Amino acid sequence: MARLLEGKPIAEKIKEGIRQEVELLKNKPVLASIMVGENAGSATYVKSQTKIAQDLGIEYRLQQLSGDTSEAALIEFIQKLNADRSVNGIIIQMPLPAAIDYKKMSQFILPEKDVEGMHPANIGKIVFGKAKILPCTAAAVMELLNASGADLYGREVVIVGHSEIVGKPLSLLLLDKFATVTVAHIGTSKAGKLEEHVRRAEVLIVAVGKAGLIKGEWIKEGAIVIDVGINRVGEKLVGDVEFEAAEKRASAITPVPGGVGPLTVTMLMRNLVEAAKLQQ
Ligand code: NAD
């Protein structure tokens, strides 16, 4: 039976380090969080981010804009926050109204205030192994792998999902650890090759958003499985991997919920403190 890789205890340890770093800063770090319009989903995120920020000694400044804000007005607002020296980091809450393109907007945040690690300047640094601010979910997965004790050197790592926030940055971070990385995606599935790649994985990371996509019987004996997916099935939240069957074969596996999730917000706060340090 696999060991459970829970995010919470790892997050608690990292938070302890963040608290100490916050105390060493000249000023309390400030995170500006832009929310455009009302949305129950992002309201929940904001609530949990506010609580964690408070716990870490970080000021969380919620900037609520009306639902009919234009892209031009949002850019102007971001530029004001860029120029505001009391603000160390800026995030844009998702989802945004249909008229606003998130990717386009996130490029207007100064790289040194981009605490989601999504600015091309920050993403680009990953290629050179020099990034100080990493995309939060990818960083959370790296922390889980680190806690699993896995030696990644020369290991067969298969990532399923090639999004900008998870699969693509992770592939580069894992290459830096000298893992042999395969990135599978919708094209791999359409070509009927997903199963054969997954069966080879000594470390499997799945970030798709489809419950039960990865069959438990595909998991290699002793593999480490990180399930990033979050899917609502009835009243329950589940990942992309068939958990019960997979945990019988894996050596370690993340639960959903309780695996990657609790670490992602912690990574955001760690990025904020890193940004504040760089600005000092
Ligand atoms: P995305 O929609 O941007 O990308 C999905 C990826 O899955 C793409 O690469 C696509 O090619 C691939 N894909 C789709 N269908 C596939 C199939 N049948 N076979 C193989 N690959 C397939 O998704 P995202 O934003 O990276 O999120 C992925 C999942 O991770 C979602 O469930 C999301 O909710 C979850 N997520 C969790 C956290 C967390 O903190 N736990 C953070 C971010 C995302």
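Computed from a predicted model, the values in this text were never measured in an experiment.

1. A closer look at the site of the ligand
Stage number 1. Near the ligand lie 21 residues; those nearest to it are H162, S163, S189, K210 and T264.
Stage number 2. A distance of 2.5 Å separates an oxygen atom of the ligand from a polar atom in the side chain of H162.
Stage number 3. Here the ligand, which alone exposes 860 Å², has 74% of that area covered by the protein.
Stage number 4. Residues that form the shell around the ligand fall into these classes: 10 nonpolar, 10 polar and one charged.

2. Topic: the pattern of salt bridges
When the charged atoms of two side chains lie near each other, side chains of opposite charge can form a pair.
Stage number 1. In this structure the tally under the stated criterion is 15 salt bridges.
Stage number 2. In this structure, the salt-bridge partner of E12 is K15, at a minimum N-O distance of 3.4 Å. Residue E12 and its partner K15 are both found in helix 1 (residues 7–24); the two are separated by three residues, about one turn of the helix.
Stage number 3. Taking relative accessible area as the criterion, E12 reaches 37% and is therefore assigned partly exposed.
Stage number 4. For E59, the salt bridge goes to R61, with nearest N and O atoms at 2.8 Å.

3. Side note on the confidence of the model for the chain
Stage number 1. The predicted model of the chain has a mean per-residue pLDDT of 97, with 100% of residues at 70 or higher.
Stage number 2. Per-element confidence in the chain ranges from a low mean pLDDT of 93 for helix 2 (residues 40–56) to a high of 99 for strand 5 (residues 156–160).

4. Focus on the sheet that holds strand 6 (residues 180–184)
Stage number 1. The six strands are arranged 1-11-8-7-5-6 in an open sheet whose pairing can be described as parallel. The strands lining the two open edges of the sheet, one partner per strand, are strand 1 (3–4) and strand 6.
Stage number 2. In the sheet, strand 5 pairs with strand 6 via five bridges, with the strands oriented parallel. Its bridge partner lying in strand 6, V158 is registered against T182.
Stage number 3. Against the sheet, helix 6 (residues 136–148) makes contact with strand 1, strand 7 (203–206) and strand 8 (224–227), and its axis sits at roughly 155° relative to strand 8, the strand it touches most.

5. Let's talk about the layout of surface pockets
Stage number 1. For the largest pocket, the calculated volume is near 1500 Å³.
Stage number 2. Around the largest pocket sit 48 residues that line it, and Y45, T137, I165, I230 and T264 are the ones nearest its centre.
Stage number 3. For the lining of the largest pocket, the secondary structure elements donating two or more residues are helix 2, strand 4 (89–92), helix 4 (102–106), helix 5 (120–127), helix 6, helix 7 (167–175) and helix 11 (261–279).
Stage number 4. Ranked by residues supplied to the lining of the largest pocket, first place goes to helix 2 with six residues.
Stage number 5. Residues belonging to the lining of the largest pocket are distributed by class as follows: 28 nonpolar, 15 polar and five charged.

6. Quick notes on the sheet that holds strand 2 (residues 30–36)
Stage number 1. The strand order across the open sheet formed by three strands is 3-2-4, and the pairing between neighbours is parallel. For this open sheet the edge positions go to strand 3 (59–65) and strand 4, each flanked by a neighbour on one side alone. Strand-to-strand twist across the sheet, computed as the mean angle between neighbouring axes with direction ignored, equals 20°.
Stage number 2. Bridging between strand 2 and strand 4 involves four bridges; their strand directions are parallel. The partner of A32 across the bridge, within strand 4, is I90.
Stage number 3. Of the strands in this sheet, strand 2, strand 3 and strand 4 touch helix 3 (residues 71–83), which is tilted by about 175° from strand 2.

7. Structural notes on helix 2
Stage number 1. Along its 17 residues, helix 2 runs 25 Å from first to last C-alpha, staying within 8% of the 24 Å computed at 1.5 Å per residue.
Stage number 2. Taken together, the buried positions of helix 2 are occupied by S42, V46, Q49, I52, A53 and L56. Taken end-on, helix 2 shows its buried residues confined to a sector of 135°, consistent with a single buried face. Those residues of helix 2 that are exposed and aimed more than 90 degrees away from the buried face are A40, T44, K47, K51 and Q54.
Stage number 3. Along its buried surface, helix 2 packs onto helix 1, strand 2, strand 3, strand 4 and helix 11.
Stage number 4. One side-chain oxygen at the N-terminal end of helix 2 lies 2.8 Å from the backbone nitrogen of G41; it belongs to N39.
Stage number 5. Residue G57 follows helix 2 closely and has a positive phi angle near 80°.

8. Considerations on the packing of helix 6 against helix 7
Packed helices, taken two at a time, are described by the angle between their axes plus the distance between the axes.
Stage number 1. At a closest axis distance of 9 Å, the pairing of helix 6 and helix 7 adopts a crossing angle of 40°. Relative to helix 7, helix 6 is oriented oblique. For the pair helix 6 and helix 7, the sense of crossing is right-handed. Across from A138, V141, M142 and L145 in helix 6, the residues of helix 7 making contact are P169, L170, L173 and L174.
Stage number 2. In the contact of helix 6 with helix 7, the residues fall into eight nonpolar, no polar and no charged.

Basis of the calculations
- Residues numbered from 1 in each chain as written.
- Predicted model: local features only at pLDDT ≥ 70, side-chain atom pairs only at ≥ 80, totals over all residues.
- Heavy atoms only, no water.
- Near = heavy atom within 4 Å.
- Polar contact = N/O pair within 3.5 Å; in protein donor to acceptor, adjacent residues only side chain to side chain.
- Areas by Shrake-Rupley, 256 points an atom, 1.4 Å probe, with all protein chains shown as cover.
- Nonpolar A, V, L, I, M, F, W, Y, C, P; charged D, E, K, R; others polar.
- Salt bridge = Lys/Arg side-chain N within 4 Å of Asp/Glu carboxyl O.
- Helix = DSSP H or I, 4+ residues; strand = E, 2+ residues; numbered from the N terminus.
- Buried < 20%, exposed > 50% of the residue type's maximum accessible area, 1.4 Å probe, protein only.
- pLDDT = per-residue confidence, 0-100.
- Pairing = 2+ DSSP bridges.
- Contact = heavy atoms within 4.5 Å.
- Axes fitted to C-alpha atoms, helices over the stretch in contact; angles between N-to-C directions.
- 1 Å grid on protein atoms, 1.4 Å probe; cavity = no way out; pocket = protein on both sides within 12 Å on 5 of 7 lines; lining within 4 Å.
- Points joined across faces, edges and corners; volume = space filled by probe spheres on them.
- Expected span 1.5 Å × (residues − 1).
- Arc of directions from axis to C-beta.
- Parallel < 35°, antiparallel > 145°, perpendicular 65-115°, else oblique.
- Left-handed = near helix turned anticlockwise from the far one by under 90°.

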